[in-house]
Protein chains: 2
Amino acid sequence: MRIDVPLRHAHRLLNHGPTTLVTTRHGPRRNVMAAAWVMPLDFEPPRFAAVVAAGTFTRELLEAAGECALQAPTTAQVGLTYAVGSNSGRDGDKFERFGIATEAGAKVAAPLVTGCACWLECRVLPEPALQSAHDLFVLECVAAWADDELWAAGEWRFPAAGRRTIHHSKGGVFFATGERIAAR
Amino acid sequence: MRIDVPLRHAHRLLNHGPTTLVTTRHGPRRNVMAAAWVMPLDFEPPRFAAVVAAGTFTRELLEAAGECALQAPTTAQVGLTYAVGSNSGRDGDKFERFGIATEAGAKVAAPLVTGCACWLECRVLPEPALQSAHDLFVLECVAAWADDELWAAGEWRFPAAGRRTIHHSKGGVFFATGERIAAR
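Figured I'd write up the structure that's included with this text. In this text the structure is predicted, and so the values were computed from the model without any measurement.

Quick notes on the overall build of chain A
And step 1. Helix and strand counts for chain A come out as five helices and 14 strands.
And step 2. For 184 residues, the compact-globule estimate of 2.2 N^0.38 gives 16 Å, and chain A sits close to it at 15 Å.
And step 3. The principal-axis extent of the C-alpha atoms belonging to chain A is close to 45 × 35 × 30 Å.
And step 4. A total of 184 residues make up chain A; the buried ones form 51% of that total.
And step 5. At a minimum sequence separation of 6, the contacts of chain A that also span at least 24 residues come to 67%.

Details of the relation of the copies chain A and chain B
And step 1. When chain A is fitted to chain B, the best match, at an RMSD of 0.0 Å, comes from turning it 180° and sliding it 0.0 Å along the axis. Here the two chains are linked by the operation of a two-fold rotation axis.
And step 2. When the interface residues of chain A are mapped onto chain B, 100% of them again lie at the interface, so the same face is used by both copies.

What about the sheet that holds strand β13 (residues 166-170) of chain B?
And step 1. The strand order β13(A)-β14(A)-β14(B)-β13(B) describes an open sheet built from four strands, whose pairing is antiparallel. Strand pairing shows two members of the sheet lacking a second neighbour, β13 (166-170) of chain A together with β13 of chain B, which therefore form its edges. Taking each pair of neighbouring strands and ignoring which way they run, the sheet shows an average axis angle of 40°.
And step 2. Judged from the four bridges that link them, β13 of chain A and strand β14 (residues 173-182) of chain A form a sheet pairing that is antiparallel. Bridging across to β14 of chain A, H168 of chain A finds its partner in F174 of chain A.

A closer look at the interface of chain A and chain B
When the parts of a complex come together, some accessible area is lost, and that lost area is often taken as the interface size.
And step 1. Facing the 41 residues of chain A at the interface are 41 residues of chain B.
And step 2. Sort the elements by how many residues they give to the side of chain A that touches chain B and β14 of chain A lands first, with ten residues.
And step 3. Looking at the side of chain A that touches chain B residue by residue, the classes come out as 22 nonpolar, twelve polar and seven charged.
And step 4. Where β14 of chain A lies against strand β14 (residues 173-182) of chain B, seven bridges are found, and the strand directions are antiparallel. Bridging from a neighbouring strand, T177 of chain A pairs with T177 of chain B of β14 of chain B.

Cut-offs applied
Residues numbered from 1 in each chain as written. Chains lettered and ligands numbered in written order. Predicted model: local features only at pLDDT ≥ 70, side-chain atom pairs only at ≥ 80, totals over all residues. Helix = DSSP H or I, 4+ residues; strand = E, 2+ residues; numbered from the N terminus. Rg over C-alpha atoms; globule rule 2.2 N^0.38 Å. Buried ≥ 20, exposed ≤ 12 C-beta atoms within 10 Å, placed from the backbone. Contact = placed C-beta atoms within 7 Å. Least-squares fit on C-alpha atoms with pLDDT ≥ 70 in both. Pairing = 2+ DSSP bridges. Axes fitted to C-alpha atoms, helices over the stretch in contact; angles between N-to-C directions. Nonpolar A, V, L, I, M, F, W, Y, C, P; charged D, E, K, R; others polar.

Structural data, given as structure tokens:
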């Protein structure tokens, strides 16, 4: 079940460096792409940095709409993640093409991909120089959600058997998030 | 054994979002801190984005020296990572205090922490506005290394039993990099 994550904990959703899906919508046009180069940038308000390459359909929709959703796909979505990361939305709607179910968010128009481990609804903080020089976007999270099978008491608690978040290694190869280790 | 990683593959060392250690040296002063908010920013030349909070000793040395090394610690270094992430180098040299062995890099003066999974020697590309507004540094990697027990043929190949990189969840809690999953 998708549960609300307090914004003060939103950075913890991506602290561990999982690969994300970036969804966007502008008017009737929508898209989803894979992005490994996404990380927290600040705690409160929760901000994230995301690299979105120039020339991509997501970049066009992100700049037009000024908002997006980030979500962390799971080990059950490796094929989906690779598919949306290696095809362009300019060649047709990827949600229809790959049979990707979505649900509505609370604060932004971008669709949320069903079955992910977490979702972060974000608004772009315009930084034209940064976007132009480094393809880097600063995103402020305005609503955050997690799957309560995987997240409890303000942290990831993946069951021993079951879905986990994933980390991109190189084209088409990922690592599951592994064993939990407490230093203290 | 520490082996050379071609710069065109350097981004793959941190693609999967592991926690890093940032080492710095300026004259006789040196430091090491933990940083989870580090990610690739570009392929060639390989560039990385790293958040280094204002007021930290690492920030002072990084700005003074204009260079640093990033390294990914392993499951054998969870205690070390937590220790250097929760103590300040202003209170005494952390390498001595925590018994951290180092070796020399090739291109920068910052020490390399022995036993890590990979090492990236980096120079700061000055971006004063970005550093000031978001504590974000753009680093260009000028030399890269990996432990050949963990890295082969241009990618992470962690043995089933043995050390792995780690990912920060929340204060003192990490995840090991888990199972390899190929989408194709």
